[in-house]
Amino acid sequence: LAQVLSRMPDAGTDADPGLHDEATSSVRSRSWSSLREDVEGVWLLGGAVLRRRWFWEAVGIVTAVASTGYGLKSATEHIADEYADALARRLGGSEFLRKSSLYFLCFVAGLGLLVSVGSLARGRNSHQTPGNMSPWKTPLSPHIQSLGGRRAVSIGNAGVMPLLCRVFPAVNLYGWLVILFVTRIWSIPCFSWCMAALCIQMWWWLFKTSFFSIVGIVTVRKWLRRDWVRPYRKLLEQGKKPICHIVILPNYKEALEVLADTMAGLAASEISRECIVVVLAMEAREGRDAQEKAAVLKKNFQGKFLEILETYHPSHVRGEVVGKSSNTQWAFRCVQSDWVNKQVEMNKWQKSQMVITISDADSIFHPDYFSALSIDAMELPAERLRWRLWQAPIWLLRNYFTVPAPTRLTGYTTSVAELGGLRSWFGCHITFSSYSVHYLLAEEVGGWDVDVIAEDHHMFCKCFFGSVYASAATEEFDQLDASQCFAQIELQRIFLPVKGYMVEAGDWWTSVVARFTQARRHTQGISEFAYVLLHYANLIRRAGSIIQIPLSTHEKIFQILYTMLGAHTFPYLHLTAMVLSATWGEWNDPSDCFTHSECADWMTQLSCLIMVLNVYLFSIPVALNIVATLLIVLEGCGLSPNRQTENDDGHLWEKLTGGAPSLTFMRKVWFLFLQIALETALMAAPALIGLGMVPELMACVSLARRGNAFKYVVAEKPSTHKQD
């Protein structure tokens, strides 16, 4: 403004009036232009400062420190003056517990504020990753470009909505933990309502999972007794086209013995020589070891498969997160360009006849898995086949008798959850570990994203929204027909279990630490919750109206979100509420729920009664869970009465009996029952805290701060530490 005034002519000069007016208008014009430039410069300078990472980190730190200090001061003053007696009564008169709870709450609040403010502020610059920019530039259909194109829907993208989706899981988990602590201290009715809701939810989940796991065991036994090769050959005789199975085996620094067992399990299939193509997806950063292992495997299994291919995923590719997903995508693009297109040109195979199976390095498929999958695919019409995924139960039992108890507990809990989720009539099950997807579906969505950790969950969600976009596509790229937003994908269950290893290192403690490292990677799957939220917002934006989207689509999206919350949030909130209700206060007798002054209405009395009787209410689903676990262990370790696994002529899948126990009686049914019951009763809570809740809290903070940036650590197998 001073510069503008200095350029203005002096009102007292004796200049010609006409010339003065002309000069004045010219100067004013230049002055306003200069003023506008100055304002724009200040605006750009301020924007540059606001976009700086250090500025917002400083703001976050100052705000968190100030709020924490003020909170401590205010809380201390108020409690000292008004709430000291009430709080001391609620905590049993313990001054230590009173102060500790206050400090803990203030610390959590300050930490959450620091993470949230810092992440929100840093998001504009620090998360501007290329977003699924693959070195393979395959043209995609317009309505799918938002899934796998150069600018994919990714929580790593810049923008307000991706940023909010990244921060939401941390705010959700930490926020509910703070609410539980606060309500337990200051409001028994509110805490009892929260506790009752969590008890009902967890009771239903545990009962449903355990019950359907028992039903699933019956189904598995029926599938194991069935002859799958004969109906497959009959379909071929009827003129049905066979299915080509492309099995991608991503691996990094895996022992040769582990990979050889996996390929031996694939070779045990009756159709391996005519229909199975194995892709050894190696990592180039492994060096000559990868090339030597690939050469040995190709030599040892020559003639046992239709073809064996090898790919080498380069390191340090821009925009990629090193891990299973990026390696799988590289292998998929290599096979697509070097093998699939040639087969189509030579008219040997068509893309509609191809199914891609993603296998973990230690997964042993049942010999009839590919025959059963082929039967299902050959009987489906083409319009349904292209939206098909397949999933078998994952049983982590290959080294059941040799791993530490905490690792074993998490292993058979995962096995029960997977079988129960597949067999259940309710909810939505998501692909896990080793699964199959039709080739046209994988090609439609652009393959696997290269900036994610949990590729199994991510691929399911990506295919789900890809089918919605495809069904509602219009001529306008960014517009969808809201009334046609239907999810077309189907997850078909194959009840022929896939066996895998639990994490096992050199000794007991090293194995537990390795299991914690794996749990830290698994809990990073909370990022898929943010991914679904981001896609949901993108779907509503492109459809133009949330009301016009079919109710069934909303229902399926919420089922996916609920399933993820059931794995990443609800168990830890319920455990926290149980600890708070059991250790603080005098609410131990059911009669207190009807005589206490704070329980005046029937709703509060009922919720309080559920809180007090929590342990007794869970006796039934816990008992069912123990029975389901025992049945799975017996079936998976070859101890079932209707199984004959001692036959030397049996295939590898049947010979995997859980390893060698230290004592022979440990394979007896009575010992297994006692072992599972004691481990469930004594170690469930410690394992849930150390191998579940702590990694989950770390994952939420990591997601809010760094997005999908994560160091992928391969889990150790029983022979890995020997090789090293």
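Going by the structure above, here's the rest.
Residues numbered from 1 in each chain as written. Predicted model: local features only at pLDDT ≥ 70, side-chain atom pairs only at ≥ 80, totals over all residues. Heavy atoms only, no water.

Chemist: Explain the overall build of the protein chain here, please?
Modeler: In terms of helices and strands, the protein chain carries 28 helices and 9 strands. Taken over 724 residues, the protein chain has a buried fraction of 53%. In the protein chain, the share of contacts with a sequence separation of at least 24, taken over all contacts with a separation of at least 6, comes to 80%. Counting every atom, the protein chain has about 32,500 Å² of accessible surface; 61% of that belongs to carbon and sulfur. (Helix = DSSP H or I, 4+ residues; strand = E, 2+ residues; numbered from the N terminus. Buried < 20%, exposed > 50% of the residue type's maximum accessible area, 1.4 Å probe, protein only. Contact = heavy atoms within 4.5 Å. Areas by Shrake-Rupley, 256 points an atom, 1.4 Å probe, with all protein chains shown as cover.)

Chemist: How do you make sense of the packing of aromatic side chains when you look at a structure like this?
Modeler: The geometry of two aromatic rings is summed up by the distance between their centres and the angle between their planes. Here the structure, examined in full by the defined rule, presents 23 aromatic pairs. Ring geometry for Trp-204 versus Phe-426: centroids 5.5 Å apart, planes at 70 degrees, classification edge-to-face. In this pair, Trp-204 is assigned in helix H7 (residues 188-225) and Phe-426 in the loop between helix H15 (405-423) and strand E7 (435-438), connecting sequence segments 222 residues apart. Phe-426 sits in the partly exposed class, given a relative accessible area of 40%. Through pairs of rings, three or more aromatic residues link up here, namely Trp-203, Trp-204, Phe-207, Phe-211, Phe-212, Trp-425 and Phe-426. Here the basic side chain of Arg-226 rests over the ring of Trp-228, its NZ or CZ set 3.9 Å away from the ring centre. Taking NZ or CZ as reference, Arg-542 lies 4.8 Å from the ring centre of Tyr-469, over its face. (Phe/Tyr/Trp six-rings, centres within 6.5 Å; stacked < 30°, edge-to-face > 60°. Lys NZ or Arg CZ within 6 Å of the ring centre and 35° of its normal.)

Chemist: Got a minute to help me understand the nonpolar core in this structure?
Modeler: Across soluble globular proteins, you tend to see nonpolar side chains buried next to one another. In terms of nonpolar packing, the biggest core is built from 160 residues, with Ile-246, Trp-339, Ile-356 and Tyr-400 touching the most fellow members. Ranked by the residues each element gives to this core, the list is headed by H7, at 12 residues. (Core = buried A, V, L, I, M, F, W, Y, C linked by side-chain atoms within 4.5 Å.)

Chemist: What am I meant to see in the packing of helix H9 (residues 256-267) against helix H11 (residues 288-300) here?
Modeler: Relative placement of two packed helices is described by the angle separating their axes and the distance separating the axes. Orientation of H9 relative to H11, taken along the N-to-C sense of each, is 35 degrees, at an axis distance of 11 Å. The two elements H9 and H11 cross, and the hand of that crossing is right-handed. Contacts between H9 and H11 pair Leu-256, Leu-259, Ala-260 and Met-263 from the former with Lys-293, Val-296 and Leu-297 from the latter. (Axes fitted to C-alpha atoms, helices over the stretch in contact; angles between N-to-C directions. Left-handed = near helix turned anticlockwise from the far one by under 90°.)

Chemist: Sorry, what's going on with the environment of Met-693 here?
Modeler: Within the secondary structure, Met-693 is located in helix H27 (residues 669-706). Overall, the relative accessible area of 13% leaves Met-693 in the buried class. In this structure, the C-alpha to C-alpha distance between Met-693 and Thr-569, residues 124 residues apart in sequence, is 8.6 Å.

Chemist: Got a minute to help me understand the pattern of salt bridges in this structure?
Modeler: Two side chains that carry opposite charge are able to pair once their charged atoms sit near each other. Applying the stated criterion across every chain, the model contains 17 salt bridges. For Glu-283, the salt bridge is made with Arg-285, and the minimal N-O distance between the two is 3.5 Å. The class of Glu-283 is buried, set by a relative accessible area of 2%. Where Arg-386 meets Glu-444, a salt bridge forms, and the shortest distance between an N and an O atom there is 3.2 Å. Linking Arg-386 in the loop between helix H14 (382-385) and strand E5 (388-391) with Glu-444 in helix H16 (residues 439-444), this pair joins segments that are 58 residues apart in sequence. Taking relative accessible area as the criterion, Arg-386 reaches 29% and is therefore assigned partly exposed. The exposure class of Glu-444 is buried, given its relative accessible area of 15%. The network of salt bridges with shared partners includes Asp-376, Arg-384, Arg-388 and Glu-490. (Salt bridge = Lys/Arg side-chain N within 4 Å of Asp/Glu carboxyl O.)

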